[in-house]
Amino acid sequence: MTKLSVNVNKIALIRNARGGNLPNLSQVVLDCEKFGAEGITVHPRPDERHIRYQDVWNLRPQISTEFNIEGYPSPEFMKLVLSVKPHQVTLVPDAPDALTSNAGWDTLTHADFLRDTVDALHEAGIRSSIFVGTDLKLIEQAAKLGSDRVELYTGPYAEAFEKHGAEALLPFVKAAEVARKCGLSINAGHDLNLFNLKAFHEAIPYVEEVSIGHALVADALYLGLEKTIAAYKECLK
Ligand code: PXP
């Protein structure tokens with residue numbers, strides 16, 4: 001069964017636009033779980049333009065599903081996650097000013113850094129996931145670094161699926177097979193939506209978890225949060 005982890009960064013972004021507490025992030029997180037989300041993802045960035053470091057602390061005790069924190073493992077980020085101890089940390093190579101994550105790690109070039117980071121997470125009892133593209137060498141290397149999981153960067157899948165349909169799945173199916181053979185569990189995320197998720201799930205049903213934020217929040221404007229979460233879960237059946 002593939003779990004749905006709802007990325008709530010966009011909720012924090014709307015709240016921050018006015019400086020108050022509307023929408024109330026804690027309440028939204030509780031409601032996502034009530035409506036069927038099997039995990040909550042946050043991606044605190046250094047400028048705190050959406051999720052703030054304090055949000056991560058506030059959410060920790062109330063999350064009753066799985067807590068996934070994504071981000072670039074800067075000293076500040078590592079200090080935060082090693083004290084908060086979520087279930088999973090997803091390591092993302094994005095620069096501080098990146099609009100959103102737009103590439104996976106070069107796990108060969110950054111091997112020493114990633115190995116040390118994964119070791120530090122494991123010492124704290126936290127599952128590690130490394131954000132990767134579909135380059136098979138880099139996925140094999142993620143396994144050699146000792147990571148528990150990889151998260152496949154599905155941005156290119158979403159773009160190609162719109163233009164070419166099912167053909168877009170091929171590099172991802174191959175990448176997932178290689179990851180699995182290397183002993184890695186697999187997550188996926190970025191630009192997944194109600195149009196492309198079902199095909200992805202059918203092609204790679206053994207993905208452990210998808211984390212979805214942008215499209216899900218946009219859909220909730222029309223459908224409401226409860227129906228939206230149900231619709232995403234329907235794609236994962
Ligand atoms: N995975 C990672 C590593 C991300 O950085 C993001 C965006 O914060 C997502 C998944 C979710 O992407 P989207 O908001 O497009 O659903």
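Cut-off values and rules
Residues numbered from 1 in each chain as written. Predicted model: local features only at pLDDT ≥ 70, side-chain atom pairs only at ≥ 80, totals over all residues. Heavy atoms only, no water. Buried < 20%, exposed > 50% of the residue type's maximum accessible area, 1.4 Å probe, protein only. Helix = DSSP H or I, 4+ residues; strand = E, 2+ residues; numbered from the N terminus. Pairing = 2+ DSSP bridges. Right-handed = clockwise from strand over helix to strand, strands pointing away. Contact = heavy atoms within 4.5 Å. Polar contact = N/O pair within 3.5 Å; in protein donor to acceptor, adjacent residues only side chain to side chain. Near = heavy atom within 4 Å. Nonpolar A, V, L, I, M, F, W, Y, C, P; charged D, E, K, R; others polar. Axes fitted to C-alpha atoms, helices over the stretch in contact; angles between N-to-C directions. Patch = residues over 30% accessible without salt bridge, like charges linked within 9 Å, V, L, I, M, F, W, Y side chains within 5 Å. Areas by Shrake-Rupley, 256 points an atom, 1.4 Å probe, with all protein chains shown as cover. Salt bridge = Lys/Arg side-chain N within 4 Å of Asp/Glu carboxyl O. Core = buried A, V, L, I, M, F, W, Y, C linked by side-chain atoms within 4.5 Å.

Undergrad: Help me understand the pairing of strand S5 (residues 127-132) in this model?
TA: Successive residues of a regular strand alternate their side chains across the two faces of the sheet. With 5 of 6 residues buried, S5 is to be regarded as a mostly interior element. In this structure, strand S4 (residues 88-91) lies alongside S5, joined through 4 bridges in parallel fashion. What sits directly across from Val-89, in S5, is Ser-128. Two strands pair when backbone bridges link them, and S5 and strand S6 (residues 149-153) are joined in this way by 4 bridges, in the parallel orientation. Across the sheet, Val-132 pairs through a bridge with Leu-152, a residue of S6. With helix H6 (residues 136-144) bridging S5 and the parallel S6, this β-α-β connection has right-handed handedness.

Undergrad: I tried to follow the environment of His-190 on my own but got confused; where do I start?
TA: Looking at the element boundaries, His-190 is found in the loop between strand S7 (185-189) and helix H9 (197-203). With relative accessibility at 18%, the residue His-190 sits in the buried group. On a C-alpha basis, the gap between His-190 and Pro-171 in space is 16 Å, while along the polypeptide they are 19 residues apart. Not counting the four nearest positions on each side in its chain, His-190 is found in contact with Thr-100, Ser-101, Tyr-153, Thr-154, Gly-155 and Ser-211. For His-190, the side chain forms a polar contact with the side chain of Asp-191, separated by 3.3 Å.

Undergrad: Sorry if this is basic, but what is going on with the site of the ligand here?
TA: Close to the ligand lie 15 residues, the nearest being Ser-101, Glu-151, Asp-191, Gly-213 and His-214. Within the side chain of Asn-7, one N or O atom sits 3.4 Å away from an oxygen atom of the ligand. Note that an oxygen atom of the ligand is positioned 3.2 Å from one of the side-chain N or O atoms of His-43. Of the residues in the shell around the ligand, the class split is 3 nonpolar, 9 polar and 3 charged.

Undergrad: Whenever I open this one, the sheet that holds S5 confuses me. Can you help?
TA: Around the barrel, 8 strands lie side by side as S1-S2-S3-S4-S5-S6-S7-S8; this closed barrel has parallel pairing. Taking the axes of each pair of neighbouring strands and ignoring which way they run, one obtains an average angle of 25 degrees across the sheet. In terms of strand pairing, strand S1 (residues 3-7) meets strand S8 (residues 209-212) through 4 bridges, oriented parallel. Bridge pairing in S8 links Lys-3 to Glu-209.

Undergrad: Sorry, what's going on with a nonpolar patch on the surface here?
TA: Taken together, Leu-221, Tyr-222 and Leu-223 make up a surface patch of nonpolar side chains, about 430 Å² in accessible area. Relative to the helices and strands, Tyr-222 is located in helix H10 (residues 214-223).

Undergrad: Whenever I open this one, the nonpolar core confuses me. Can you help?
TA: Note on soluble globular proteins: their nonpolar side chains tend to be buried together. Among the nonpolar cores identified, the biggest contains 68 residues, and Leu-4, Val-8, Leu-152 and Val-210 are the most heavily contacted of them. Beyond its immediate sequence surroundings of up to four residues, Leu-4 is in contact with Ala-37, Glu-38, Gly-39, Val-210, Ile-212, Leu-216, Ile-229, Tyr-232, Lys-233 and Leu-236.

Undergrad: How should the pairing of strand S3 (residues 66-71) be read in this particular structure?
TA: With 6 of 6 residues buried, S3 lies mostly within the body of the structure. Every second residue of S3 is oriented toward a common face, with Glu-66, Asn-68 and Glu-70 on one face and Phe-67, Ile-69 and Gly-71 on the other, all of them buried. Both strand S2 (residues 39-42) and S3 contribute to a ladder of 4 bridges, which runs parallel. Among the inter-strand pairings, Thr-41 is bridged to a residue of S3, identified as Asn-68. For the segment spanning S2, helix H3 (residues 53-59) and S3, crossover handedness is right-handed. Bridge analysis of S3 against S4 gives 4 bridges, and the strand direction is parallel. The residue bridging Glu-70 from the neighbouring strand is Thr-90, located in S4. In terms of handedness, the path from S3 via helix H4 (residues 75-84) over to S4 forms a crossover that is right-handed.

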